[in-house]
Amino acid sequence: MTMVRTMIPQKTAAAHAALAGDRQAVSPKLRMLLILVDGRKTLDQLCAIATGLGHDLQAFVELRRLGMLSWPEPAGAPDAAAGDDTKRLVNAKFYALDLAARMLAGKDEALRQAARAVNDEQAFISWLQTCAQQIEQASSADRAKFFLERVVADAR
């Protein structure tokens, strides 16, 4: 799926400030990951590298939540593919909803309601993080990580 793979994270001013001086702004593990973001690698490429460092998609979402990353649309994205991207987004959302419902034993009504507002890539990634947090609270961090890995793998 192009949605996750083609997004190119960019460091924000806060990220540059944290890397330039304030080492306390992010944990050492997230700092190492932030250094890898160069504005050229797609999220998919960065996730492949991050996996070797013990990170997953959740780490990028956390950096975004901290205001260290932004995820603009890829430059030169073809307009003709917009319909395909919308279809992929819908398919990914339904896959994630189904998986979350199974992991939460049907206690997923709030996620279903929130999914209705997901209509672009950034909203999808934020919503995935919310799903993972609920799965972690109901079960474990390993299960939440498994959820994110499965959804990202399906998105490829």
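Residues numbered from 1 in each chain as written. Predicted model: local features only at pLDDT ≥ 70, side-chain atom pairs only at ≥ 80, totals over all residues. Heavy atoms only, no water.

Chemist: Give a detailed account of helix α8 (residues 121-138), specifying residues and quantitative values.
Modeler: Across its 18 residues, α8 extends 26 Å between first and last C-alpha, which sits within 8% of the 26 Å expected from 1.5 Å per residue. For α8, the set of buried residues is Glu121, Phe124, Ile125, Trp127, Leu128, Gln129, Cys131, Ala132 and Ile135. The N-terminus of α8 is capped by Asp120, whose side-chain oxygen sits 3.3 Å from the backbone nitrogen of Gln122. (Helix = DSSP H or I, 4+ residues; strand = E, 2+ residues; numbered from the N terminus. Expected span 1.5 Å × (residues − 1). Buried < 20%, exposed > 50% of the residue type's maximum accessible area, 1.4 Å probe, protein only. Polar contact = N/O pair within 3.5 Å; in protein donor to acceptor, adjacent residues only side chain to side chain.)

Chemist: Got a sec to walk through the nonpolar core? Specific residues and values, please.
Modeler: Ranked by size, the top nonpolar core spans 43 residues in total, and within it Phe60, Phe124, Trp127, Leu128 and Phe147 carry the most contacts. Secondary structure elements with two or more residues in this core: α2 (13-20), α3 (28-36), α4 (43-52), α5 (57-65), α6 (82-103), α7 (109-115), α8 and α9 (141-155). (Core = buried A, V, L, I, M, F, W, Y, C linked by side-chain atoms within 4.5 Å.)

Chemist: Got a sec to walk through the pattern of salt bridges? Specific residues and values, please.
Modeler: Applying the stated criterion across every chain, the model contains five salt bridges. Bridged by salt links that share partners, the residues Asp38, Arg40 and Lys41 form one connected network. (Salt bridge = Lys/Arg side-chain N within 4 Å of Asp/Glu carboxyl O.)

Chemist: Requested: an account of the confidence of the model for the protein, with residues and values cited.
Modeler: Taken as a whole, the protein shows an average pLDDT of 80; of its residues, 86% reach a score of 70 or greater. Scored below 50 in pLDDT, residues 74-81 makes one contact in the model with residues more than four places away or belonging to other chains. (pLDDT = per-residue confidence, 0-100. Contact = heavy atoms within 4.5 Å.)

Chemist: Lay out α4 with the relevant residues and their values.
Modeler: Listed in full, the buried residues belonging to α4 are Leu43, Leu46, Cys47 and Ala50. Angular distribution of buried residues about the axis of α4 spans 105 degrees; they occupy a single face of the element. For α4, the exposed residues set more than 90 degrees away from the buried face come down to Ala48 and Gly52. Gly54 lies just past α4 and shows a positive phi near 85 degrees. (Arc of directions from axis to C-beta.)

Chemist: Before we move on, can you summarise a nonpolar patch on the surface with the specific residues and values?
Modeler: A contiguous nonpolar surface patch, about 230 Å² in accessible area, is contributed by Met32, Ile49 and Leu53. Along the chain, Met32 turns up in helix α3. Exposure remark for Met32: the relative accessible area of 42% places this residue in the partly exposed category. (Patch = residues over 30% accessible without salt bridge, like charges linked within 9 Å, V, L, I, M, F, W, Y side chains within 5 Å. Areas by Shrake-Rupley, 256 points an atom, 1.4 Å probe, with all protein chains shown as cover.)

Chemist: Explain the environment of Val61 to me, using residue names and the numbers behind them.
Modeler: Considering the arrangement of structural elements, one finds Val61 in helix α5. Assessed through its relative accessible area of 9%, Val61 is described here as buried. For the pair formed by Val61 and Leu128, sequence separation is 67 residues and the distance between their alpha carbons is 9.1 Å. Setting aside chain neighbours within four positions, we find Val61 in contact with Trp71, Ile125 and Gln129.

Chemist: With reference to specific residues and values, describe the environment of Ile49.
Modeler: Among the structural elements, Ile49 can be located in helix α4. Owing to a relative accessible area of 34%, Ile49 belongs among the partly exposed residues under this scheme. Taking the C-alpha atoms as reference points, Ile49 and Leu36, separated by 13 residues in sequence, lie 8.6 Å from one another. When residues no more than four places from it in sequence are discounted, the contact partners of Ile49 are Leu36 and Lys41.

Chemist: So what about the packing of α5 against α8? Which residues, and what values?
Modeler: Between two packed helices, both the angle of their axes relative to each other and the distance between the axes serve to describe the pair. Axis separation between α5 and α8 bottoms out at 10 Å; the angle between their running directions is 110 degrees. For the element pair α5 / α8, the angle class is roughly perpendicular. Along this stretch, α5 crosses α8, giving a crossing that reads as left-handed. Packed against α5, whose contacting residues are Leu57, Gln58, Val61 and Arg64, the element α8 presents Gln122, Ile125, Ser126, Leu128, Gln129 and Glu136 at the interface. Grouping the constituent residues of the contact of α5 with α8 by class yields four nonpolar, four polar and two charged. (Axes fitted to C-alpha atoms, helices over the stretch in contact; angles between N-to-C directions. Parallel < 35°, antiparallel > 145°, perpendicular 65-115°, else oblique. Left-handed = near helix turned anticlockwise from the far one by under 90°. Nonpolar A, V, L, I, M, F, W, Y, C, P; charged D, E, K, R; others polar.)

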